[in-house]
Amino acid sequence: MADWWRGAVIYQIYPRSFCDSSGNGIGDLRGITGKLDYVASLGVDAIWISPFFTSPMSDFGYDVSDYRGVDPLFGDLDDFRALLRRAHELGLKVLIDQVLSHSSDQHAWFQESRQDRSNRRADWYVWADPKADGTPPNNWLSVFGGVAWTWDSRRRQYYLHNFLSSQPDLNFHHPDVRAAQLDNLRFWLDLGVDGFRLDVVNYYFHHRELPDNPPAAGRGAAVSPGNPYGYQEHRYDVSQPENLDYLEALRGLLDAYPQSTSIGEIGSSDSLGDMARYTQGGNRLHMAYTFDLLGGRSDAAYLRTVLEQVSVGLGDGWPCWSLSNHDVIRLATRWSRGLAPEQIVPAALTFLLCLRGSVCLYQGDELALPEAAVPFDRLQDPFGRTFWPDFKGRDGCRTPMPWTADETAGFTTSGVEPWLPIGGEHRARCVAAQTAAPDSVLKQVQALLRWRREQPALSDGAQTLIDSGEIIAYLREGAGQRLLVACNLTATAQLLPLPQPPSRVHAPTAACVDQVVGPVRLAPGQVLLADLA
C-alpha cells in the first residue's frame, strides 16, 4: 500500500542500547535482528533505527564520517542486509536515520575542505572570515552551548557548527553538496530501506549573508537550563526558505521508490508552522514531528493548544506524534505528575495512539521505563557534561533495554559492563517479567495496538477537540464511527460530562473505563474510549 505510513506506528530503536550480540557492552545490528520477533509482536508497522554509520562517536553516531558505511561497533553492511531481510519477512518496514545537515570533522569531505580555500570541496562547508578584531563572523550559537563557530588555522577562517565543534555544517547552498546527499539517500533506497527519519531537517540551510540573530522575546527560554541558545531568535541560522526547494528535490527522489517515506525532525521557534510548510502539498516531506509534545507539559489546556494549532494550520500536511525519543527525559518520568509509571504510561499512550497522524514509539516506553539515574562519572553525553548538574544530558533515556532481570538485563551475555549502567528498577520492568504478567504495561500496549488497528475512525478520520477541563478529550470520526477519546493525565479524579450516551465502550487496557452510567468519573491515569451514536 503506497500510503502505509499514514497512521502507522513506528518503533524507534537506539542501536547502542537495544541488544548486544557481540559481548562488547554496546548494542549492534545482529542484536536488533535477534529481537525483531519481539518488535513485531508489539503490533507496530515499522522500525526507525538511529544512526549506525561509521563515526568517531563524539555524538554517538550523529557525527557521520561515512554515510554509506556501517561502523564496526555495530557490524557491517551484510549485517544490515540481514536485518532488513528479517524485518521485511515479519512485515516490518525499515526507516533509518539520516544526518544530512552536518558531518563529522573526520569525514573525508571536511578533511579535504579544510586544507585550503581552493580545493574542489573548499566550499562544501560553511566557512567565513573573522571580523576585523578576529572574533567570529556573527553571534550565532550552538545548540550544545557556546558560539557556533570554530577557528581553523589552516584556512584562517571560522567554520559553522550548530552542534559540537566536531560536527561542521555542510553548505547546502552548494549544488554539489545537495546532489551528494541525495546520492547517499539513493544508496540506502537501492539497498531496500523503506524511508528515512531526517535529523534536524530545518537546519540544512543558513542565511548567505550571515546576519546576527536578534534576541528572543522570551529571554532565557533555553533548550536546557543554563543554555544561552534559547536567548536568541534563530531567524537566520535555521528554517530558511531554500529548505523547501531541497525538500521537494528529496521528495522527488523518494517518489521514484514506491512506498518509501520520510519523517522530518523539526526544532524551531515556529515548529508547528514549519511542520505545516514542510508537509503540505504532497511534494515535500511525507510527515514531520516537533518537540511540542516532548517537553514537560502534559496539562489538558496545553495539549489542546498544540492540537488546535496543528488542526488549524496543517492543511493537507501530515503529523507524526511522539511522546519520547532518544533526546528527552522518558515519558514515565517527564509526564508523571505524581502518577506511577504503570498509571501514566497506558493513559498517555492511549492519548497518543488515538491522535490523527502517525506515531513514533520509543523503545522501552511499552515497558513504562522511567528515566534512569546516571552518575556523572558514567555520563557519556557531551550535552550533559557541558550543562551538568542543571541538565544531566540524554543518557537517562538511552540506557540499555532490559530483556531479563539478571545483572546485565539480558542486554549482553558477556561479563563486560554495558556502555551505560542498567538500573535495578529497569530490570524489574524487563520484557521477560512483563510478558509473564497478564496485566503488565507491555500486555496493555500490545492490546491497545491491536485494538487501534480495528477502529475505522483512527485510520484517517477527522479529529475534533472537546474542552473538558483537566481531561484531554477529542472525537475521531470516519468510516461510520464516532469515537470519543478522553484521558485523565492528572493525579486527581476528574468528572467528564458526556455529550450523549455512548453506544459502546471499549476497554483494550486496564486503564480504560469499561462501563458508563451518567457523568463519567475518571480516576488518575484512567481513560474512556467510547463510540457515540
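Source: prediction; values computed, not measured.

**Details of the packing of helix α10 (residues 341-353) against helix α14 (residues 441-453)**
No. 1: Packing of α10 against α14 leaves a shortest axis separation of 10 Å and a crossing angle of 15°. What the angle tells us is that α10 and α14 run roughly parallel. The crossing of α10 and α14 is right-handed. Contacts from Glu 342, Val 345, Pro 346, Leu 349, Thr 350 and Leu 353 of α10 reach α14 at Val 441, Gln 444, Val 445, Leu 448, Leu 449 and Arg 452.

**A few points about the side chain of Gln 181**
No. 1: Secondary-structure assignment places Gln 181 in helix α5 (residues 175-191).
No. 2: Classification of Gln 181 as buried rests on a relative accessible area of 0%.
No. 3: Of note is the side chain of Gln 181, whose polar atom sits 3.1 Å from the backbone oxygen of Leu 100.

**Some words on the sheet that holds strand β9 (residues 195-198)**
No. 1: In spatial order, the strands read β11-β10-β9-β5-β2-β1-β13-β12; together these 8 strands make up an open sheet with parallel pairing. The sheet is open, and its two borders are formed by β11 (287-290) and β12 (320-322), each paired with just one other strand. Within this sheet the neighbouring strands show an average axis-to-axis angle of 25°, counted without direction.
No. 2: Sheet topology places strand β2 (residues 46-49) next to strand β5 (residues 93-98); 4 bridges connect them, and they run parallel. Across the sheet, Ile 49 pairs through a bridge with Ile 96, a residue of β5.
No. 3: Helix α3 (residues 77-89) rests against β2 and β5 of the sheet, and its axis sits at about 140° to β5.
No. 4: Against the sheet, α10 engages β1 (9-13), β12 and β13 (358-362), with an angle of about 150° to β13.

**Details of the packing of aromatic side chains**
No. 1: Within this structure, the stated rule accounts for 33 aromatic pairs.
No. 2: Relative to Trp 188, the ring of Phe 52 lies with its centre 5.7 Å away and its plane at 90°, an arrangement referred to as edge-to-face. With Phe 52 in the loop between β2 and β3 (53-54) and Trp 188 in helix α5, this residue pair connects regions lying 136 residues apart in the sequence. Both residues of the pair, Phe 52 and Trp 188, count as buried.
No. 3: Between the aromatic rings of Phe 60 and Trp 419, the centroid separation amounts to 5.3 Å while the plane-to-plane angle is 50°, which identifies the pairing as tilted. In this pair, Phe 60 is assigned in the loop between β3 and β4 (66-70) and Trp 419 in the loop between α11 (382-387) and α12 (424-428), connecting sequence segments 359 residues apart.
No. 4: Exposure remark for Phe 60: the relative accessible area of 6% places this residue in the buried category.

**Quick look at the packing of α3 against α5**
No. 1: Contact geometry for α3 and α5: axes closest at 11 Å, N-to-C directions at 55°. In terms of their interaxial angle, α3 and α5 are classed as oblique. Across the interface between the two elements, Leu 77, Phe 80, Arg 81 and Leu 84 of α3 pack against Phe 187, Trp 188 and Leu 191 of α5.
No. 2: Looking at the contact of α3 with α5 residue by residue, the class counts come to 6 nonpolar, no polar and 1 charged.

**Here we look at the sheet that holds strand β16 (residues 481-487)**
Two modes of strand pairing occur in sheets, parallel and antiparallel, and in both the strands are linked by backbone hydrogen bonds.
No. 1: A sheet is described by the order of its strands in space; here 5 strands give the open sequence β14-β15-β16-β20-β18, paired in antiparallel fashion. Two strands close off the open sheet at either side, each with one partner strand: β14 (462-468) and β18 (502-506). Each neighbouring strand pair of the sheet contributes to a mean axis angle of 25°, computed without reference to strand direction.
No. 2: Judged from the 4 bridges that link them, β18 and strand β20 (residues 527-532) form a sheet pairing that is antiparallel. Looking across to β20, one finds that His 506 is bridged to Leu 529.
No. 3: Together, β14 and β15 (471-478) form the strand contacts of helix α8 (residues 300-313), whose direction differs from that of β14 by roughly 150°.

**Some thoughts on the pattern of salt bridges**
No. 1: Under the counting rule described, the total for this entry stands at 32 salt bridges.
No. 2: For Asp 37, the salt bridge identified is with Arg 86, shortest N-O distance 2.9 Å. You can see Asp 37 sitting in helix α2 (residues 36-42) and its partner Arg 86 sitting in helix α3, a full 49 residues away along the chain.
No. 3: Classification of Arg 86 as partly exposed rests on a relative accessible area of 26%.
No. 4: Through salt bridges with shared partners, one network takes in Asp 59, Asp 327, Asp 381, Arg 394 and Arg 398.

**Some remarks on the nonpolar core**
Across soluble globular proteins, nonpolar side chains show a tendency to be buried alongside one another.
No. 1: Grouped together as the largest cluster of nonpolar side chains are 122 residues, with contacts concentrated most on Tyr 11, Tyr 38, Ile 47, Phe 52 and Phe 351.
No. 2: For Tyr 38, the residues in contact, after removing those within four places along its chain, are Tyr 11, Glu 366, Leu 367, Met 401, Trp 403, Val 431 and Leu 442.
No. 3: Listed in part, the 15 residues of the second largest apolar core include Trp 5, Met 287, Tyr 289 and Cys 320.

**What to know about the state of the cysteines**
No. 1: Going through the model one piece at a time under the given rule, you end up with 0 disulfides.
No. 2: Of all cysteine sulfurs in the structure, the one in Cys 487 sits closest to Cys 354, which takes part in no disulfide; the separation is 6.9 Å.
No. 3: You can see Cys 397 has no disulfide; the closest cysteine sulfur is in Cys 360, sitting 14 Å from it.
No. 4: A relative accessible area of 1% means that Cys 397 is categorised as buried.

**As for helix α6 (residues 242-255)**
No. 1: When the terminal C-alpha atoms of α6 are compared, their 20 Å separation across 14 residues agrees well with the 20 Å that a helix rising 1.5 Å per residue should span.
No. 2: Among all positions of α6, only Asn 243, Leu 244, Tyr 246, Leu 247, Leu 250, Arg 251, Leu 253 and Leu 254 are buried. Each buried residue of α6 sits inside an arc of 170° when the element is viewed along its axis, so together they form one side.
No. 3: Taken together, the buried residues of α6 touch α5, β9, β10 (261-266) and α7 (271-279).

**Some words on α7**
No. 1: Counting buried residues in α7 gives 8 out of 9 residues, a clear majority hidden from the surface.
No. 2: Within α7 the residues assigned to the buried category are Ser 271, Leu 272, Gly 273, Asp 274, Met 275, Ala 276, Tyr 278 and Thr 279.
No. 3: Buried positions along α7 lie against α6, β10, β11 and α8.
No. 4: Among the residues trailing α7, Gly 281 stands out with phi positive, at a value near 90°.

Calculation notes
Residues numbered from 1 in each chain as written. Predicted model: local features only at pLDDT ≥ 70, side-chain atom pairs only at ≥ 80, totals over all residues. Heavy atoms only, no water. Axes fitted to C-alpha atoms, helices over the stretch in contact; angles between N-to-C directions. Helix = DSSP H or I, 4+ residues; strand = E, 2+ residues; numbered from the N terminus. Parallel < 35°, antiparallel > 145°, perpendicular 65-115°, else oblique. Left-handed = near helix turned anticlockwise from the far one by under 90°. Contact = heavy atoms within 4.5 Å. Buried < 20%, exposed > 50% of the residue type's maximum accessible area, 1.4 Å probe, protein only. Polar contact = N/O pair within 3.5 Å; in protein donor to acceptor, adjacent residues only side chain to side chain. Pairing = 2+ DSSP bridges. Phe/Tyr/Trp six-rings, centres within 6.5 Å; stacked < 30°, edge-to-face > 60°. Nonpolar A, V, L, I, M, F, W, Y, C, P; charged D, E, K, R; others polar. Salt bridge = Lys/Arg side-chain N within 4 Å of Asp/Glu carboxyl O. Core = buried A, V, L, I, M, F, W, Y, C linked by side-chain atoms within 4.5 Å. Disulfide = S-S within 2.5 Å. Expected span 1.5 Å × (residues − 1). Arc of directions from axis to C-beta.

That's the geometry; what it means functionally is another story.
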